[in-house]
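# Architecture at a glance
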Amino acid sequence: MNRMVEMERKVTKFGNSLGITMTDALRQIGLDQGDIVSIDVSPDTGEIVIRKSTKVSLPEGISADFMDTLTDVIEEYDQTLRGLKDR
């Protein structure tokens with residue numbers, strides 16, 4: 001059963017940076033020190049989404065440049081691709 005847990009935290013200063021502590025929340029999604037995360041920021045809604053990053057190694061013969069180009073094309077034509085999916 002997945003349910004959202006709401007928490008409030010105070011933004012504090014860490015050295016020259018601002019931050020929040022959220023150890024409990026990170027542990028709930030299986031994160032620990034040293035793990036890599038993906039962060040999506042939506043300035044329009046004021047939302048920040050943090051996800052555990054899943055590193056995938058590329059198959060032999062597929063370059064990182066190809067994947068970057070593919071990502072750019074998918075982002076540029078996202079709505080068109082979604083429209084084709086719904087047909």
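Our structure is the block above this text.
Our subject in this report is the structure included herewith. (Residues numbered from 1 in each chain as written. Predicted model: local features only at pLDDT ≥ 70, side-chain atom pairs only at ≥ 80, totals over all residues. Heavy atoms only, no water.)

### A closer look at the overall build of the protein
Scanning the protein for helices and strands turns up three helices and four strands. Helices and strands in the protein line up, N terminus first, as β-β-α-β-β-α-α. The globule rule puts the C-alpha radius of gyration for 87 residues at 12 Å, and the 18 Å found for the protein is more than 25% above it. Along the first, second and third principal axes, the C-alpha atoms of the protein reach 45 × 35 × 35 Å. Expressed as a percentage of the 87 residues in the protein, the buried residues total 2%. When contacts within the protein are restricted to residue pairs at least 6 apart in sequence, those whose partners lie at least 24 apart make up 2%. Summed over all atoms, the accessible surface of the protein reaches about 8500 Å², with 52% contributed by carbon and sulfur. When the 11 basic and 16 acidic side-chain charges of the protein are each reduced to a single mean position, those positions are 8 Å apart. (Helix = DSSP H or I, 4+ residues; strand = E, 2+ residues; numbered from the N terminus. Rg over C-alpha atoms; globule rule 2.2 N^0.38 Å. Buried < 20%, exposed > 50% of the residue type's maximum accessible area, 1.4 Å probe, protein only. Contact = heavy atoms within 4.5 Å. Areas by Shrake-Rupley, 256 points an atom, 1.4 Å probe, with all protein chains shown as cover. Lys, Arg positive; Asp, Glu negative; His and termini not counted. Charge placed at Lys NZ, Arg CZ, Asp CG, Glu CD.)

### A few points about a nonpolar patch on the surface
Together, Leu 58, Ile 62, Phe 66, Leu 70, Val 73, Ile 74, Tyr 77, Leu 81 and Leu 84 line one region of the surface with nonpolar side chains, adding up to about 750 Å² of accessible area. Mapped onto the nonpolar patch, the elements with two or more residues apiece are helix H2 (64-76) and helix H3 (78-85). It is H2 that contributes the most residues to the nonpolar patch, four residues altogether. By the secondary structure assignment, Phe 66 is in helix H2. (Patch = residues over 30% accessible without salt bridge, like charges linked within 9 Å, V, L, I, M, F, W, Y side chains within 5 Å. Salt bridge = Lys/Arg side-chain N within 4 Å of Asp/Glu carboxyl O.)

### A short note on a negative patch on the surface
Together, Asp 65, Asp 68, Asp 72, Glu 75 and Glu 76 make up a negatively charged patch on the protein surface. With respect to the helices and strands, the residue Asp 72 is situated in helix H2.

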